[in-house]
Amino acid sequence: MSTPHHLSRREARRILIRAQLLTKERPGDVVETVRELGHLQIDPVKAVAPAHHLVLWSRLGRDYDQGDLDAHLADRTLIEILGHIRSGEDIGLYRAEMETWPSPAGRKGETLPWQVSNARWVEANDRARRAILDLLETEGPAPTGAIPDHTEVPWQSSGWTNEKNVQRLLDFMGARGEIAVAGREGGQRLWDLAERIYPDVPTIPIEEAQTVKDEWRLAALGILRPRGPQCPSESLDAGNAGEEAVVDGVKGTWRVHGSYLDQQPWDGRVALLCPIDRLVFDRTRMRELLEFDYILEMYKPKAKRKWGYYALPVLDSDTLCGKLDTTADPKAGVLRVDALHEDGVWSASRRDRVLEQIHDLAAWLGLEPILPTHLGGTR
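Position labels on residues start from 1 in each chain and follow its written sequence. With pLDDT at 70 or above as the cut-off, local features in this predicted model cover only qualifying residues; side-chain atom pairs require 80 or more to be listed or tallied, and sums for whole chains, interfaces and linings still use all residues. Only hydrogens and water are removed before side-chain values are computed, so all heavy atoms of the structure are retained for them.

Draft legend 1. Region of the structure containing the overall build of the protein chain. Looking only at helices and strands, one finds 12 helices and 15 strands in the protein chain. Only C-alpha atoms enter the radius of gyration; for comparison, a globular chain is expected to reach 2.2 Å times N to the power 0.38, where N is the number of residues. Taken over C-alpha atoms, the radius of gyration comes to 22 Å for the protein chain, in line with the 21 Å a tight globule of 379 residues would show. Whether a residue is buried, partly exposed or exposed follows from its accessible area with a 1.4 Å probe, protein chains only, as a fraction of its type maximum: under 20%, in between, or over 50%, in that order. Classification of the 379 residues of the protein chain by burial places 50% in the buried group. Whether two residues touch is decided by their heavy atoms; if any such pair falls within 4.5 Å, the residues are in contact. Sequence separation of at least 24 residues holds for 61% of the intrachain contacts in the protein chain that already meet a minimum separation of 6. Averaged over its 49 positive side-chain charges, the protein chain has a centre that lies 6 Å from the centre of its 59 negative ones. Only DSSP runs of H or I reaching four residues or more are called helices, and only runs of E reaching two or more are called strands; each is numbered from the N terminus. In this tally, Lys and Arg are treated as positive and Asp and Glu as negative; His is ignored, and so are the chain termini. To locate a charge, take atom NZ for lysine, CZ for arginine, CG for aspartate or CD for glutamate.

Draft legend 2. Spotlight on the sheet that holds strand S14 (residues 334-342). The 5 strands lie next to each other as S11-S12-S13-S14-S15, forming an open sheet whose pairing is mixed. Strands with a single pairing partner mark the edges of an open sheet, and in this sheet they are strand S11 (270-272) and strand S15 (368-370). Here the strands of the sheet are splayed against their neighbours by 30° on average, with no regard to which way each runs. For strand S12 (residues 312-316) and strand S13 (residues 319-329), the ladder comprises 5 bridges, and the chain directions are antiparallel. Within S13, the position partnered with leucine 312 by the bridge is leucine 324. Think of it this way: DSSP has to see at least two bridges between two strands before they count as a pair. A fitted line through C-alpha atoms represents every axis, and for helices the fit uses only the stretch in contact; the resulting angles, taken between N-to-C directions, go from 0 to 180 degrees.

Draft legend 3. Focus on a negative patch on the surface. Taken together, the side chains of Asp29, Glu32, Glu36, Asp65, Asp68 and Asp70 present a region of like negative charge at the surface. Counting only elements with at least two residues in the negative patch, the list comes to helix H2 (30-37) and helix H4 (66-74). Mapped onto the elements, glutamate 32 comes out in helix H2. What goes into a patch is any residue over 30% in relative accessible area without a salt bridge, connected to like charges within 9 Å or, for nonpolar side chains (Val, Leu, Ile, Met, Phe, Trp, Tyr), within 5 Å. Areas reported as accessible are Shrake-Rupley estimates using a 1.4 Å probe. Residue values count occlusion only from the protein chains shown. Here a salt bridge means any side-chain nitrogen of Lys or Arg lying within 4 Å of a carboxyl oxygen belonging to Asp or Glu.

Draft legend 4. Just the sheet that holds strand S10 (residues 254-256), in detail. Spatially, the 4 strands line up as an open sheet ordered S1-S9-S10-S8, and their pairing is mixed. At either margin of the open sheet sits one strand with a lone partner, and together these are strand S1 (5-7) and strand S8 (223-224). Bridge analysis of S8 against S10 gives 2 bridges, and the strand direction is antiparallel. Note on S10: the bridge partner recorded for leucine 224 is arginine 255. Docked against the sheet, helix H1 (residues 9-19) engages S1, S8, strand S9 (243-247) and S10, running at close to 95° with respect to S1.

Draft legend 5. Seen up close, empty space enclosed by the protein. Think of a 1 Å grid over just the protein atoms. A cavity is a set of points where a 1.4 Å probe fits yet cannot get out, a pocket is an open set with protein on both sides within 12 Å along at least five of seven lines, and lining residues have an atom within 4 Å of a point. Grid points are joined across faces, edges and corners, and a volume is the space filled by probe spheres set on the points. For the structure shown, the criterion picks out 1 cavity of 30 Å³ or more. In terms of lining, the largest cavity is formed by Gln20, Leu37, His39, Leu40, Gln41, Ala51, His52, Val55, Arg59, Ile276, Asp277 and Arg278. The element contributing the most residues to the lining of the largest cavity is helix H3 (residues 51-60), with 4 residues. Classifying every residue of the lining of the largest cavity gives 5 nonpolar, 4 polar and 3 charged. Residue polarity is assigned by list, with Asp, Glu, Lys and Arg as charged and Ala, Val, Leu, Ile, Met, Phe, Trp, Tyr, Cys and Pro as nonpolar; anything else, Gly included, falls into the polar class.

Draft legend 6. A look at the packing of aromatic side chains. Pairing of aromatic rings covers Phe, Tyr and Trp, the last through its six-membered ring, and needs centres within 6.5 Å; plane angles under 30 degrees mean stacked, over 60 mean edge-to-face, and all others mean tilted. Applying the stated criterion across every chain yields a total of 8 aromatic pairs. Centre to centre, the rings of phenylalanine 292 and tyrosine 294 are 5.9 Å apart; their planes meet at 15°, and the pair counts as stacked. Taken individually, phenylalanine 292 and tyrosine 294 each receive the classification buried, so the pair is uniform in this respect. With a centroid separation of 6.1 Å and an interplanar angle of 20°, the aromatic rings of tyrosine 294 and tryptophan 307 are classed as stacked. Here tyrosine 294, found in the loop between helix H11 (283-290) and S12, pairs with tryptophan 307, found in the loop between H11 and S12; they are 13 residues apart in sequence, far enough to count as distant.

Draft legend 7. A look at the packing of H3 against helix H12 (residues 348-365). H12 packs onto H3 with a crossing angle of 125° between their chain directions and a minimal axis gap of 12 Å. Between H3 and H12, the angle falls in the class oblique. Helix-helix and strand crossings are classified by hand; for H3 and H12 the assignment is right-handed. Between H3 and H12, the residues in contact are His53, Leu54 and Trp57 and Gln357, Asp360, Leu361 and Trp364, respectively. In this scheme, roughly parallel covers angles under 35 degrees and roughly antiparallel covers those over 145, while 65 to 115 is roughly perpendicular and the rest are oblique. By definition, turning the near helix anticlockwise from the far helix through less than a right angle yields a left-handed crossing, and turning it clockwise yields a right-handed one.

Draft legend 8. Spotlight on the nonpolar core. Among the nonpolar cores identified, the biggest contains 73 residues, and Ile223, Leu272, Tyr310 and Leu361 are the most heavily contacted of them. Those residues in contact with isoleucine 223 that lie beyond four places of it in its chain are Leu7, Ala12, Ile15, Leu16, Leu218, Trp254, Arg255, Val256, Arg285 and Leu289. What makes a nonpolar core is a set of buried Ala, Val, Leu, Ile, Met, Phe, Trp, Tyr and Cys residues whose side-chain atoms join them at distances within 4.5 Å. Counting residues in each nonpolar core, the second largest holds 20 residues, with Val122, Leu136, Val166 and Phe172 among its members.

Draft legend 9. Broad picture of H2. Within the sequence span of H2, burial applies to Val30, Val31, Thr33, Val34 and Leu37. Each buried residue of H2 sits inside an arc of 160° when the element is viewed along its axis, so together they form one side. As for H2, its buried residues are in contact with strand S2 (40-41), H3, H4, strand S3 (78-81), strand S4 (84-87) and helix H10 (206-221). Of the residues one or two after H2, glycine 38 is the one with positive phi, at around 95°. In this description, one arc is meant: the one made by directions from the helix axis to the C-beta atoms.

Draft legend 10. Looking closely at unusual backbone geometry. Here the bond from tryptophan 101 into proline 102 is cis, since omega is 0°, no more than 30 degrees from zero. You will see that leucine 82, though not glycine, has its phi angle at about 55°, which is positive. On the secondary structure map, leucine 82 appears in the loop between S3 and S4. Backbone geometry at glutamate 291 places phi at a positive 50°, although glycine is not the residue there. Relative to the helices and strands, glutamate 291 resides in the loop between H11 and S12.

Draft legend 11. Layout of the side chain of arginine 59. Looking at where arginine 59 falls in the secondary structure, it is placed in helix H3. Not counting residues up to four positions away in its chain, the partners in contact with arginine 59 are Gln20, Leu21, Leu22, Arg26, Pro27, Thr33, Leu37, Arg269, Leu273 and Asp277.

Following this line, the structure appears as structure tokens:
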């Protein structure tokens with residue numbers, strides 16, 4: 001049995017940051033970035049910019065053109081799978097899972113009660129499902145709002161999806177690989193038959209696909225726990241991929257991708273991160289390895305927020321060091337900065353580096369930055 005690699009917290013942090021393309025050596029283009037990151041999570045919140053665009057800007061800088069991503073989605077170089085933008089060829093890793101839906105969740109190989117319940121609901125609304133397939137076959141792509149509700153059994157939920165019958169049926173049909181997102185129209189997903197959207201690539205068997213996805217996920221994130229929360233569309237662990245490691249001051253073992261163990265010279269930079277950026281998405285890993293205190297507060301009452309509605313985590317070199325409370329207002333043509341929360345004591349040079357990134361963000365958005373007076377602004 002091999003001896004685990006022994007990493008300091010700083011070494012672990014640098015592996016995470018390098019894996020997420022947040023050093024001075026930036027990736028070349030949109031497609032390369034998506035492939036290296038593994039995926040872009042789609043989120044409609046536009047407090048600053050949509051999440052997938054904000055993640056790309058933080059890697060590519062102000063030269064990133066949002067139209068580039070749209071073009072790659074249009075020509076199917078990139079595709080949307082289960083709410084994430086991925087490389088087109090990745091569909092081969094998901095087809096077997098789709099064909100056996102509801103496939104076993106997690107690594108234990110057992111179908112969970114909620115999966116059985118979802119499958120029964122789809123079966124109870126089979127006539128509505130077939131009607132959607134017929135509509136798309138004859139009429140072509142259609143937005144969610146244009147698809148009639150022919151369900152016989154309404155979708156029941158204690159959350160915001162309650163009685164959103166068509167939306168949930170479309171989601172499950174997408175998970176089954178019958179339909180796919182062809183684009184976006186007026187903020188709605190545009191649906192079409194999956195065979196018209198997904199590239200014709202071979203289906204990879206489920207177990208092999210799981211191994212490949214574990215390896216790719218670890219390559220994109222650097223260090224992960226071998227076991228962790230299982231999410232419907234993207235897990236947060238590495239399984240048996242990579243090599244075993246321990247980190248100073250952190251309990252338990254980790255899996256580290258071997259390509260990051262070569263101790264390359266460190267060359268960090270400042271980055272303003274999307275609140276659901278993959279560097280911080282796993283909040284437990286964030287606290288354990290990055291030692292950063294942060295939650296997304298958009299769901300909190302205003303009076304209970306510490307950092308702001310959609311505060312952006314601030315990275316400087318190998319340290320998450322603060323939160324930027326900012327909001328884009330395209331109608332007024334401004335990027336409003338309400339607060340820059342500094343964790344600990346910042347040097348003047350760090351503050352200058354972060355302010356430079358704030359101006360870069362405003363320039364990318366085509367907006368005028370409006371800052372408080374203590375940050376050099378006029379208000």
